[in-house]
Amino acid sequence: MHKPILIIGACGQIGTELTFELRNKYGADNVIVSDIREGGDALMQSGPFELLDATDYAAVEDVVMHYEIEEVYLMAAMLSATAEKFPMRAWNLNMNSLFHVLNLAKEKKISKIFWPSSIAVFGPNTPKEDTPQNTIMEPSTVYGISKQSGERWCEYYHKKYGVDVRSVRYPGLISWKTMPGGGTTDYAVEIYHEALKQGKYECFLSSETQLPMMYMDDAIRATICLMESPAEKIKVRSSYNLAGMTFTPKEISKSIEKHIPGFTISYAPDFRQEIADSWPSSIDDTKARQQWGWTPRFDLDQTTKEMLDNLKAMTN
Ligand SMILES: NC(=O)c1ccc[n+]([C@@H]2O[C@H](COP(=O)([O-])OP(=O)(O)OC[C@H]3O[C@@H](n4cnc5c(N)ncnc54)[C@H](O)[C@@H]3O)[C@@H](O)[C@H]2O)c1
């Protein structure tokens, strides 16, 4: 039987879907869900839940000891757009929560950690096309700085203390079960909701802003595959580049038009444009493919179909 798993920050966009998948796989009572707030009804009714502040070391340790937790998925964080508004709060949450979990592993109270990084670790001086695993990284956002520092600490804890910490640099994630939590790629979710409600969408990025993206099913599959891989295959202990697809607002709008004729998009770039401009437009994920067998399944048109079908079914 799989030993108990704790998800911290489980009520957000990724945590919600990760919870369903892990509970499906390992049993509801083996996956303890926690967050600083309650989540959606389906999540709350699906198994054990603890109200937990990821920045409170004693509280996290209590939950870990009480449930004899073996693995922690740390999903709590402040995302890119929100972090620009509250830099110190973002730094405190993103870094302290990671240190708490790393230290629990160093003290052998847990044995495996998943911690997500982001394409935000790259910056304006990084090569934009097919961004390599190892390259110039000079992030210019609060969020990116916290993720890059987090990567360095993960690698350090692995090398110095043998901590089994695993990570991927998620691109922008597209999903229908939960709304995104304040990132720069949120437009690629909002656009589907507005297409169905209004038949039009005003985008906060410009028409040609090309960013790496991924459908949530692929992201969850990658996460669990990485966590289940034998430790010796995981050679990158900072964080793996991970690619799904890449597109511009204009291209996603064309993909939606195939299902909703007459759909229109307009553009009103705001402060998020500068963040997007500092990020890669496509990612080279050769190492993830070679070392633990990653392959994405969803392209833009498949994503559009899934998003529109599921959102329609939800409102009917
Ligand atoms: N969604 C994306 O496109 C994307 C892309 C790259 C990386 N990531 C990373 O993946 C992780 C999860 O992202 P997400 O999109 O699910 O974010 P989200 O904002 O949707 O969810 C984060 C969750 O953390 C919770 N939280 C906030 N402060 C907390 C605290 N002090 N203690 C406990 N919980 C707290 C929130 O209530 C929320 O439910 C983050 O580390 C994020 O940086 C996300």
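Parameters and conventions
Residues numbered from 1 in each chain as written. Predicted model: local features only at pLDDT ≥ 70, side-chain atom pairs only at ≥ 80, totals over all residues. Heavy atoms only, no water. Helix = DSSP H or I, 4+ residues; strand = E, 2+ residues; numbered from the N terminus. Rg over C-alpha atoms; globule rule 2.2 N^0.38 Å. Buried < 20%, exposed > 50% of the residue type's maximum accessible area, 1.4 Å probe, protein only. Contact = heavy atoms within 4.5 Å. Areas by Shrake-Rupley, 256 points an atom, 1.4 Å probe, with all protein chains shown as cover. Lys, Arg positive; Asp, Glu negative; His and termini not counted. Charge placed at Lys NZ, Arg CZ, Asp CG, Glu CD. Pairing = 2+ DSSP bridges. Near = heavy atom within 4 Å. Polar contact = N/O pair within 3.5 Å; in protein donor to acceptor, adjacent residues only side chain to side chain. Nonpolar A, V, L, I, M, F, W, Y, C, P; charged D, E, K, R; others polar. Salt bridge = Lys/Arg side-chain N within 4 Å of Asp/Glu carboxyl O. Axes fitted to C-alpha atoms, helices over the stretch in contact; angles between N-to-C directions. Core = buried A, V, L, I, M, F, W, Y, C linked by side-chain atoms within 4.5 Å.

A.B. asks: Account for the overall build of the protein chain, naming residues and giving values.
C.D. replies: For the protein chain, the count of helices and strands is 12 helices and 14 strands. Rg of the C-alpha trace for the protein chain: 19 Å, near the compact-globule value of 20 Å for 316 residues, within the 12% margin. Each of the three principal axes of the protein chain carries a C-alpha extent, and together these read 55 × 45 × 40 Å. Relative to its full complement of 316 residues, the protein chain shows a buried share of 55%. The long-range fraction of contacts in the protein chain, counting pairs at least 24 apart against all pairs at least 6 apart in sequence, stands at 78%. Of the accessible surface of the protein chain, which amounts to about 13,400 Å², a share of 50% is contributed by carbon and sulfur atoms. Averaging the positions of the 33 positive and the 42 negative side-chain charges in the protein chain gives two centres separated by 4 Å.

A.B. asks: Could you give an account of the sheet that holds strand β8 (residues 168-170), with specific residues and numbers?
C.D. replies: Strand order in this open sheet of 3 strands is β6-β8-β12, and the pairing throughout is parallel. Two strands lie at the open edges of the sheet, namely β6 (117-118) and β12 (240-241), each paired on one side alone. One ladder, built from 2 bridges, connects β6 with β8; its direction is parallel. In the sheet register, S118 faces β8, and the bridge partner there is Y170.

A.B. asks: Help me get a handle on the site of the ligand, residues and values and all.
C.D. replies: Q13, D35, A54, Y143 and K147 are the nearest of the 26 residues found near the ligand. Between an oxygen atom of the ligand and a main-chain N or O atom of I14, the distance comes to 2.9 Å. Measuring from an oxygen atom of the ligand, one finds a side-chain N or O atom of D35 at 2.6 Å. For the shell around the ligand, the elements supplying multiple residues, two or more each, are α1 (13-26), β6, α6 (142-161) and β9 (172-174). Residues belonging to the shell around the ligand are distributed by class as follows: 15 nonpolar, 7 polar and 4 charged.

A.B. asks: Give a detailed account of the environment of S97, specifying residues and quantitative values.
C.D. replies: One can find S97 in helix α5 (residues 87-106). According to the relative accessible area criterion, S97 is buried, its value standing at 1%. Put simply, S97 and T55 are 42 residues apart on the chain and 5.0 Å apart in space, counted from C-alpha to C-alpha. For S97, the contacting residues outside a window of four places in its chain are A54, L74, A76 and N92. Of note is the side chain of S97, whose polar atom sits 2.6 Å from the backbone oxygen of L93.

A.B. asks: Account for the pattern of salt bridges, with residues named and values stated.
C.D. replies: As enumerated under the stated definition, the model contains 17 salt bridges in all. One salt bridge in this structure joins E208 and K250, with 3.5 Å as the shortest N-O distance. Taken together, the residues span a long stretch of sequence, with E208 in the loop between β10 (200-203) and β11 (211-215) and K250 in helix α9 (residues 249-257) at a distance of 42 residues. For D270, the salt bridge identified is with R272, shortest N-O distance 2.6 Å. We classify R272 as buried; its relative accessible area is 17%.

A.B. asks: Describe the sheet that holds strand β13 (residues 245-247), and please don't skip the residues or the numbers.
C.D. replies: With respect to topology, 3 strands assemble into an open sheet ordered β9-β11-β13, the strand pairing being mixed. Whereas interior strands pair on both sides, the edge strands pair on one side only; in this sheet they are β9 and β13. Sheet twist, expressed as the average angle between the axes of neighbouring strands with direction ignored, equals 45°. Examined bridge by bridge, β9 and β11 share 3 bridges and lie parallel to one another. Within the sheet, the bridge partner assigned to L173 lies in β11 and is M214.

A.B. asks: An account of the side chain of E151 is requested, with residue identities and associated values reported.
C.D. replies: Relative to the helices and strands, E151 resides in helix α6. Contacts of E151, omitting those with residues within four sequence positions, involve W115, S117, V121, M137, R169, R237, S238 and S239.

A.B. asks: Lay out the pairing of strand β4 (residues 71-74) with the relevant residues and their values.
C.D. replies: What you see with β4 is no split at all: E71 and Y73 on one side and V72 and L74 on the other are buried throughout. Relative to β4, strand β1 (residues 5-8) is paired through 4 bridges, and the arrangement is parallel. Opposite I7, over in β4, you have Y73 as the bridge partner. Here 3 bridges tie β4 to strand β5 (residues 112-114), and the two strands are oriented parallel to one another. Each bridged residue has a counterpart across the sheet, and for E71 the counterpart in β5 is K112.

A.B. asks: So what about the nonpolar core? Which residues, and what values?
C.D. replies: As a rule of thumb, soluble globular proteins bury nonpolar side chains together. Counting residues in each nonpolar core, the largest one holds 42 residues, and the members touching the most others are I174, Y187, Y192, F247 and I252. Elements with a contribution of two residues or more to this core: α6, α7 (187-197), β10, β11, β13, α9, α10 (272-277) and α12 (300-315). Judged by nonpolar contacts, the second largest core, of 32 residues, contains I5, L173, M216 and L242.

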